[in-house]
Amino acid sequence: MYEQFDPELEIVAEVVSGCLMTRARRISRVVTNIYDQEMRKHGLTASQFSMLIIIAKLGGASRSEIGRANFQDRTTLTRNLAPLLKEGWIEEVPTEGGRSRPVVISSAGKELLNAAGPDWREAQRKATRLVGKNGAKAILQIAQSLSGQGESI
């Protein structure tokens, strides 16, 4: 029979007992799954819904601004924007000089967000039940404290 973990690896016990990163990632996966289930009805993932919200809030922003607002590097952002562009939920608007192409939410994207609103609210209720009102409040406060590092939704 195998031991649960090698006692010589002190770091294992320390991480297992209180690592913020592993706990936050676990919570994130569970909460994201709640939102994914509700957004699936609209052909969206929770991440895509969140990205649409950020773009709608910014009201026309460069890829760099969107990346900063969502704490994403350019490569990840480009990969995440591609399906939204393909579906026509967002669009890049050419400018006069041609250098900048702000990303904006399209009419189809606005309709999608409005249609998905009630299901987002249901996911919000489920997630709040899961983490409790105090947990939800703590998550929102932590997220707000991060806003100094980038735009916050």
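Going by the structure above, here's the rest.
These numbers come from a predicted model, not from an experiment. (Residues numbered from 1 in each chain as written. Predicted model: local features only at pLDDT ≥ 70, side-chain atom pairs only at ≥ 80, totals over all residues. Heavy atoms only, no water.)

Examining the packing of helix α2 (residues 20-39) against helix α6 (residues 107-145)
Between α2 and α6, the shortest axis-to-axis distance is 9 Å and the interhelical angle comes to 155°. As far as their axial angle goes, α6 and α2 are roughly antiparallel. α2 and α6 meet at a crossing whose hand is right-handed. Contact residues: Val30, Val31, Ile34, Tyr35, Glu38 and Met39 in α2; Ala116, Asp119, Trp120, Glu122, Ala123, Gln124, Lys126, Ala127, Leu130 and Val131 in α6. (Axes fitted to C-alpha atoms, helices over the stretch in contact; angles between N-to-C directions. Helix = DSSP H or I, 4+ residues; strand = E, 2+ residues; numbered from the N terminus. Parallel < 35°, antiparallel > 145°, perpendicular 65-115°, else oblique. Left-handed = near helix turned anticlockwise from the far one by under 90°. Contact = heavy atoms within 4.5 Å.)

Considerations on the layout of surface pockets
Of the pockets and cavities examined, the largest pocket occupies roughly 2,000 Å³. Every residue lining the largest pocket is counted, 44 residues in all, and those nearest its centre are Ser28, Thr32, Ser50, Ile139 and Ala143. Sorting the residues of the lining of the largest pocket by element identifies α2, α3 (46-58), α5 (74-86) and α6 as the ones contributing at least two each. Take the lining of the largest pocket: its biggest share by element is 12 residues, from α6. (1 Å grid on protein atoms, 1.4 Å probe; cavity = no way out; pocket = protein on both sides within 12 Å on 5 of 7 lines; lining within 4 Å. Points joined across faces, edges and corners; volume = space filled by probe spheres on them.)

Section: the environment of Thr95
With respect to the secondary-structure elements, Thr95 resides in the loop between β1 (90-92) and β2 (103-105). A relative accessible area of 33% means that Thr95 is categorised as partly exposed. Excluding its chain neighbours within four sequence positions, the residues that come into contact with Thr95 are Ser100 and Pro102. (Buried < 20%, exposed > 50% of the residue type's maximum accessible area, 1.4 Å probe, protein only.)

A look at the nonpolar core
Residues Leu52, Ile55 and Ile66 are the most contacted members of the largest nonpolar core, which totals 20 residues. Only α3, α4 (63-69), α5, β2 and α6 provide two or more residues apiece to this core. It is α3 that contributes the most residues to this core, five residues altogether. Sequence-distant contacts of Ile55, that is, excluding residues within four places in its chain, are made with Gly60, Ile66, Leu81, Ile90, Val103, Val104 and Ile105. Grouped together as the second largest cluster of nonpolar side chains are six residues, Val31, Ile34, Tyr35 and Ala46 included. (Core = buried A, V, L, I, M, F, W, Y, C linked by side-chain atoms within 4.5 Å.)

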